[in-house]
Amino acid sequence: MEPEHDVGSGATQAGYVIARRRCLIVSESNSARSTTALPSEEGAPYAVETGPPVPPWDLEQVRRDFPALSQRMHGKPLVYLDNAATSQKPRQVIAAVTRYYEESNANVHRAIYELGERATNAYESARRKVAEFINAEDWRSIIFTRGTTEAINLVAYAWGRHNLGPGDEILITKMEHHSNIIPWQLLARDTGAALRYLPLTDDYTLDLKDMSKYITGSTRIVALVHQSNVFGTVNPVRDIVQQARAVGALILVDGAQSVPHFPVDVMQLGCDFLAFSGHKMLGPTGVGVLYARTDLLESMEPFHGGGEMISTVDLQRATWNQIPWKFEAGTPNIAQAVGLGAAIDYLNQLGMDRIADYSKQLTQYSREVLSQIPHITIYGHAPTSSSSLPFNVEGIHPHDMAQLLDQEGIAVRAGHHCAQPLMRCLGVAATTRASFYFYNTSEEIDRLAEGINQAVAFMGG
Ligand code: PMP
């Protein structure tokens, strides 16, 4: 699955307006911020004055750990609000990757020399850190993949193609990232199974009232997002796990947005599979994780074939390595896994509970501040959402909004956020999305609001 590279998908006429008028933006940058308080579209739940959040750590010190954050863009201090797409990296992670290459680089497993053992130890100790981080009962449940996308594909191929057929059903939701749609569409096409969707309520949460209509004796797997990459809505996975268990269906959780933002405990969730990406949680790109129950992994067919995943190879057949290596064909992303281990150390030091609290407060604060902007629509369900704020301002195309904000040094994402079925539910082609992480400040949110107001003034609003 491609990353959320939505911005370029469709140059609009308004986009050309910006290109012609970009030079004017600086001189218009002092337009006053509106003080008109409009009610938010959800009404009361977040219309409280919470004020700017107070971070539970020394934010300046934390930000000094992230070299990329101290840069200037278009002459302005960078405000990085595209954390749902990828997070910035602390120097501790960058140093761990560099140190690995300087001191331990060799291929993993089977090396009979000291350097190879160092590499293997570094790689395998990252696996154990991941297992502990999500409270997996067994380190053999942790398979390193390229990311969430590959992890979900692994399940669809290695489990789905050998276990599903006509009459079986795969259940996903209308809130999914394309990574949790397309592998199931392909699986349904290839096996004759049916792909069904859990609908959304009017306030864009999962509609669970008729769950028994959707989770039936034919349901073989339920695959759903834990935290929406668009709304930031956190779904009640445990309730759904119980329903799935009752009919004997497996459950896969897309944790791409949840694992970086709050404590995720696979034992407590009771899921069979959990997929997530290292790069959204301070780690390098190119490494992600599939957690899976060991008995399922033992019974599943391999995904990719090649070196490392075999035990013996004859001319016509082969036997498989033990788990987890049965699912890690070829040379893995060793340095990236080591970097992910360092990222987990960093997150543990701050504390996932505290990260979750602060993200929630930042999101609430941004809702309050942005909801005062005239003609803005903020999407999502405030009480259950965190870390992400999608919005549109009447009369301004989201791509133009993102481009105008970029001129102010503010990085946000505009587009369909790899969730076209969800955009259709919203009745829009695209939104602008600001997404937060623990290193963001309330001042940055104030700058976002100011940037939006400037964009409105610039576009003649
Ligand atoms: N699921 C969700 C909810 C996501 O936000 C993303 C990334 N935007 C993915 C899946 C895919 O992750 P990756 O591109 O790292 O494989």
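Residues numbered from 1 in each chain as written. Predicted model: local features only at pLDDT ≥ 70, side-chain atom pairs only at ≥ 80, totals over all residues. Heavy atoms only, no water.

Some details on the sheet that holds strand β14 (residues 388–393)
Consideration 1: In spatial order, the strands read β13-β14-β17-β16; together these four strands make up an open sheet with antiparallel pairing. Where the open sheet ends on each side, the last strands, each with one partner, are β13 (376–378) and β16 (413–415). Sheet twist, expressed as the mean angle between neighbouring strand axes with direction ignored, is 30°.
Consideration 2: Against the sheet, helix α13 (residues 398–407) touches β14, β16 and β17 (431–435), its axis set at about 160° to β16. (Pairing = 2+ DSSP bridges. Helix = DSSP H or I, 4+ residues; strand = E, 2+ residues; numbered from the N terminus. Axes fitted to C-alpha atoms, helices over the stretch in contact; angles between N-to-C directions. Contact = heavy atoms within 4.5 Å.)

Digging into the pairing of strand β8 (residues 250–254)
Consideration 1: Burial runs high along β8: five of the five residues are buried.
Consideration 2: Judged by which residues are buried, β8 turns out to be covered on both faces: L250, L252 and D254 on one side and I251 and V253 on the other are all buried.
Consideration 3: The parallel pair strand β7 (residues 219–225) and β8 is bridged by helix α8 (residues 237–246), and the resulting crossover is right-handed.
Consideration 4: Pairing analysis gives three bridges linking β8 to strand β9 (residues 273–277), with the strands arranged parallel. Each residue of the ladder has a partner; that of L252, found in β9, is F273. (Buried < 20%, exposed > 50% of the residue type's maximum accessible area, 1.4 Å probe, protein only. Right-handed = clockwise from strand over helix to strand, strands pointing away.)

Topic: the nonpolar core
Where a protein is soluble and globular, its nonpolar side chains tend to be buried together.
Consideration 1: In this structure, I134, L274, L370, F438 and I452 are the most contacted members of the largest nonpolar core, which totals 109 residues.
Consideration 2: For this core, the leading source of residues is helix α11 (residues 334–350), giving eleven residues.
Consideration 3: Setting aside chain neighbours within four positions, we find L274 in contact with I134, V253, G255, V259, V264, V266, V289, L290 and Y291. (Core = buried A, V, L, I, M, F, W, Y, C linked by side-chain atoms within 4.5 Å.)

Things to note about the packing of aromatic side chains
Consideration 1: Scanning all chains against the criterion turns up 14 aromatic pairs.
Consideration 2: Geometrically, the ring pair formed by F66 and Y346 is edge-to-face, given 5.7 Å between the ring centres and 80° between the ring planes. Note that F66 is positioned in the loop between α2 (59–64) and β1 (72–73) and Y346 in helix α11, a separation of 280 residues in sequence.
Consideration 3: Pairing Y346 with F438 gives two aromatic rings, centres 6.2 Å apart and planes at 25°, and the pair type is stacked. You can see Y346 sitting in helix α11 and its partner F438 sitting in the loop between β17 and α15 (442–458), a full 92 residues away along the chain.
Consideration 4: Judged by relative accessible area, which is 0%, F438 ranks as buried.
Consideration 5: A cation over an aromatic ring shows up here: R128 above the ring of W139, its NZ or CZ 4.4 Å from the ring centre.
Consideration 6: The cationic tip of R161 hangs over the ring face of Y157; the distance from NZ or CZ to the ring centre is 3.8 Å. (Phe/Tyr/Trp six-rings, centres within 6.5 Å; stacked < 30°, edge-to-face > 60°. Lys NZ or Arg CZ within 6 Å of the ring centre and 35° of its normal.)

Here we look at the pattern of salt bridges
Consideration 1: For the structure on display, the rule yields 21 salt bridges.
Consideration 2: With a closest N to O distance of 3.0 Å, R189 and D190 form a salt bridge.
Consideration 3: On the basis of relative accessibility, which here comes to 61%, the residue R189 falls in the exposed class.
Consideration 4: On the basis of relative accessible area, D190 is assigned to the partly exposed category, the value being 43%. (Salt bridge = Lys/Arg side-chain N within 4 Å of Asp/Glu carboxyl O.)

Looking at the side chain of T173
Consideration 1: Along the chain, T173 falls in strand β5 (residues 169–173).
Consideration 2: A distance of 3.0 Å separates the side chain of T173 from the backbone nitrogen of M175, its partner in a polar contact.
Consideration 3: Side-chain polar atoms of T173 contact the side chain of E176, separated by 2.5 Å.
Consideration 4: Dropping the residues within four chain positions of it, T173 is found in contact with Y197, L198, L206, A223 and L224. (Polar contact = N/O pair within 3.5 Å; in protein donor to acceptor, adjacent residues only side chain to side chain.)

Focus: the confidence of the model for the protein chain
Consideration 1: Put simply, the protein chain has an average pLDDT of 90, and 89% of its residues get 70 or more.
Consideration 2: No element of the protein chain has a lower mean pLDDT than helix α1 (residues 13–21), which averages 33, and none a higher one than strand β10 (residues 288–292), which averages 99.
Consideration 3: Within the model, the stretch residues 1–48 combines pLDDT values under 50 with 91 contacts to residues more than four positions away or in other chains. (pLDDT = per-residue confidence, 0-100.)

Side note on the packing of helix α5 (residues 148–163) against helix α6 (residues 182–191)
Consideration 1: At a closest axis distance of 9 Å, the pairing of α5 and α6 adopts a crossing angle of 20°. Our classification of the angle between α5 and α6 gives roughly parallel. Relative to α6, the crossing made by α5 is right-handed. Within the contact between the two elements, α5 uses I152, N153, V155, A156, Y157, G160 and R161 and α6 uses P183, W184, L186, L187, D190 and T191.
Consideration 2: Taken together, the residues that form the contact of α5 with α6 break down as eight nonpolar, three polar and two charged. (Parallel < 35°, antiparallel > 145°, perpendicular 65-115°, else oblique. Left-handed = near helix turned anticlockwise from the far one by under 90°. Nonpolar A, V, L, I, M, F, W, Y, C, P; charged D, E, K, R; others polar.)

Considering α5
Consideration 1: Taking 1.5 Å as the rise per residue, α5 with 16 residues should run 22 Å; its terminal C-alpha atoms sit 22 Å apart, in good agreement.
Consideration 2: For α5, the tally of buried residues reaches twelve of 16 residues, placing the bulk of the element in the interior.
Consideration 3: Residues of α5 that are buried: T148, T149, E150, A151, I152, N153, L154, V155, A156, A158, W159 and G160.
Consideration 4: Next to the buried residues of α5 lie β4 (142–145), α6, β7, β8, β9 and β10. (Expected span 1.5 Å × (residues − 1).)

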